[in-house]
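# Coordinate analysis (summary)
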2 protein chains.
Amino acid sequence: MIKLAILGYGNIGKAVEQAVKSSDDMILSGIFHHNDNIENLDADVVALCTPTREVPAFAEKIARQGVCTVDSFDIHGRIYDLKKALAPVAAASSSVSVIAAGWDPGSDSVVRALLLAAAPKGVTYTNFGPGRSMGHTVAAKSVAGVKDALSMTIPLGTGIHRRMVYVELEAGAEFQEVEKRILCDDYFAHDETHVLQVPSVEALNNVAHGVNMVRSGVSGTTHNQRFEFNMQIDNPALTGQVLVSCARAAVRLRGEGRFGCYTMIEIPPIYMLPGDEERLIRTLV
Amino acid sequence: MIKLAILGYGNIGKAVEQAVKSSDDMILSGIFHHNDNIENLDADVVALCTPTREVPAFAEKIARQGVCTVDSFDIHGRIYDLKKALAPVAAASSSVSVIAAGWDPGSDSVVRALLLAAAPKGVTYTNFGPGRSMGHTVAAKSVAGVKDALSMTIPLGTGIHRRMVYVELEAGAEFQEVEKRILCDDYFAHDETHVLQVPSVEALNNVAHGVNMVRSGVSGTTHNQRFEFNMQIDNPALTGQVLVSCARAAVRLRGEGRFGCYTMIEIPPIYMLPGDEERLIRTLV
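All of these numbers come straight from a predicted model, not from anything done at the bench.

Moving on, we come to the overall build of chain A. Tallying secondary structure elements over chain A gives 8 helices and 13 strands in all. Scaling as 2.2 N^0.38, a compact globule of 285 residues should have a C-alpha radius of gyration of about 19 Å, and chain A matches this with 21 Å. Long-range pairs, those at least 24 residues apart, make up 65% of the contacts in chain A between residues at least 6 apart in sequence. Entry remark: accessible area of chain A is about 11,600 Å², with carbon and sulfur atoms responsible for 51%. Placing the 26 positive and 32 negative side-chain charges of chain A at their respective mean positions leaves the two points 5 Å apart.

So, about helix H1 (residues 11–21) of chain B. Among all positions in H1(B), only B:Gly13, B:Ala15, B:Val16, B:Glu17, B:Ala19 and B:Val20 are buried. Buried-residue contacts for H1(B) involve strand E1 (2–7), strand E2 (26–32), strand E3 (45–48) and helix H7 (235–255) of chain B.

What follows deals with the sheet that holds strand E9 (residues 161–169) of chain A. Residues and elements named next belong to chain A. Read from one edge to the other, the open sheet built from 4 strands follows the order E7-E8-E9-E10, with strand pairing classed as mixed. Both edges of this open sheet fall to strand E7 (131–132) and strand E10 (192–197), since each of them pairs with a single strand only. Relative to E9, strand E8 (residues 146–155) runs antiparallel, the two being bridged by 9 bridges. Following the sheet pairing, Ser151 is matched in E9 by Val165.

When chain A is fitted to chain B, the residual RMSD is 0.0 Å, and the transformation amounts to a turn of 180° plus an axial shift of 0.0 Å. What the superposition gives is, in effect, a two-fold axis relating one chain to the other. Here 100% of the interface residues in chain A have copies in chain B that are interface residues too; the copies meet face to matching face.

A word on the pattern of salt bridges. Summed over the entire model, instances satisfying the criterion amount to 32 salt bridges over all chains. The partner of A:Arg282 in a salt bridge is A:Glu278, with the nearest N and O atoms 2.9 Å apart. Taken together, the positions of A:Arg282 and A:Glu278, both in helix H8 (residues 277–284) and 4 residues apart, correspond to about one turn of that helix. In this structure A:Arg282 comes out as partly exposed when scored by relative accessible area, which is 37%. As a salt-bridge pair, B:Glu168 and B:Lys147 come within 3.6 Å of each other at their nearest N and O atoms.

Assigned domains of chain A: these are domain 1 (2–105 + 236–284) and domain 2 (121–219). One C-alpha centre belongs to domain 1 of chain A, the other to domain 2 of chain A; they are set 29 Å apart.

Moving on, we come to the interface of chain A and chain B. Facing 66 residues of chain A, the contacting portion of chain B comprises 66 residues. For the pairing of chain A and chain B, the buried interface totals around 5,500 Å² over both sides, and the portion due to carbon and sulfur atoms is 63%. Contact with chain B buries surface across chain A, with A:Tyr80, A:Leu114 and A:Val285 losing the most and accounting together for 13% of the total. The tally of links between chain A and chain B comes to 2 salt bridges. In this structure, B:Arg282 engages A:Asp81 in a salt bridge whose closest nitrogen and oxygen atoms are separated by 2.8 Å. Our count for the chain A to chain B interface comes out at 28 residue pairs in polar contact (both at pLDDT 80 or more). Of the residues contributing to the side of chain A that touches chain B, the split by class is 35 nonpolar, 17 polar and 14 charged. Bridge count for strand E12 (residues 222–234) of chain A against strand E12 (residues 222–234) of chain B is 7 bridges, and the pairing is antiparallel.

Definitions and cut-offs
- Residues numbered from 1 in each chain as written.
- Chains lettered and ligands numbered in written order.
- Predicted model: local features only at pLDDT ≥ 70, side-chain atom pairs only at ≥ 80, totals over all residues.
- Heavy atoms only, no water.
- Helix = DSSP H or I, 4+ residues; strand = E, 2+ residues; numbered from the N terminus.
- Rg over C-alpha atoms; globule rule 2.2 N^0.38 Å.
- Contact = heavy atoms within 4.5 Å.
- Areas by Shrake-Rupley, 256 points an atom, 1.4 Å probe, with all protein chains shown as cover.
- Lys, Arg positive; Asp, Glu negative; His and termini not counted.
- Charge placed at Lys NZ, Arg CZ, Asp CG, Glu CD.
- Buried < 20%, exposed > 50% of the residue type's maximum accessible area, 1.4 Å probe, protein only.
- Pairing = 2+ DSSP bridges.
- Least-squares fit on C-alpha atoms with pLDDT ≥ 70 in both.
- Salt bridge = Lys/Arg side-chain N within 4 Å of Asp/Glu carboxyl O.
- Domains from an automatic or database assignment.
- Buried area = accessible area lost by both parts, 1.4 Å probe.
- Polar contact = N/O pair within 3.5 Å; in protein donor to acceptor, adjacent residues only side chain to side chain.
- Nonpolar A, V, L, I, M, F, W, Y, C, P; charged D, E, K, R; others polar.

Okay, structure coming up:
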């Protein structure tokens, strides 16, 4: 049995708990909050469910103890840097860290890699939504006059997105002014953005999200090879499940002595799955 | 540069040739036909493009020389057996064989594995076509009175398929009789099958094919997680490209000393791709 501990107990931490409890090959060995003591962990692997910016420091601290980690660090431009920072720490302590293990980055990354292998020339468009953008929601919330906000990402195709920003105003704030501030914000200035005033942002709360990925490419010298991947999912539930599946892969890689830091495209997909190799190959391949 | 040789020069062999010539990290080191001498091969890897039933013997013969192999062996029920037979041969000669490397089995298998990791409970339906079924076409061609035949697979959803069988009759054959024989054949008796007489089967020739894969599953305890993967592709071009991408993976695995036999779900997707690891991770993850 794989002993998995959870660090951070928000939406994602709770989803990891459910995924672990649904896995026959794992037991939940602890749930830790932000400021808990995380020395001498009784765990094979820790799922890091803190805000993404806190992931690198926690990952390093835990990897140093020789305990595997898995996270859904999602700042795309810094994933490779995180890998380079964590890899020597994990290698030195004989552990494995799997990073950027969610759906994007994460399972979508695997699909992008596979489509590139299948049709090396061409363009892949990843269209997100409809669903809440965490980054844009935080940006909208920080605008003066906004009491609460929600920014929905709407896919318009070819990687172009519309932002639908729902705002609840602070007493005395004027909508036109708030709208102007949001439209000028760098997070929104480059996309088609609509700001709408609502009486309650909480009433719109919904963790549904989606992806539509499209590739038209060339296999060998043959053009017009067409691929499409779609998901409509509960966002924290999928992220939590992918974290748990990648926790399994981390422990497997450690068992093989392949210490270090991996993104999902560097892991054999079968390592994410429980059960007998023969049964998996006979049923999936 | 990876030296790749082709064994078998039909549709797939020609597609492999095009994919190799389109790859900056490979050179084509030879094209061999069925009865050519394949001792002392000047190649890192041989792409086996023979009929599928001849793959196991050729793979073993080449692996014994310490040369990697890649094939698109497609008899689903025997893939694991082929792995078990080839693995010790490859291990003993310090080579790597990648098997069942096409699109189904192949890239579809990777998607199936990924969706199982993302939502472990549920059903995945793989719907094939519209496109020509090789097995059913061969079965129809072997029926008495048939001069030429083409069996198209039409997806009806939930893994149920219709067979559209186009037949050109031999002189003197009677259509009703031929139709009856086809409908009784074990290849066709279990599916909705329509037999149509045409003046020329050659006039219908088209290597287009497709897949529609659908999964509704459970992540953790959250139901209604929905995934869909679609392709509309030139069949030999995609198979040839996947073979070449997996040839790259075979050579990479050999370079790491990980000798043996692998299906695509046992390979890190990044190993199928050329170029710098940092660039790939920064652009794909």
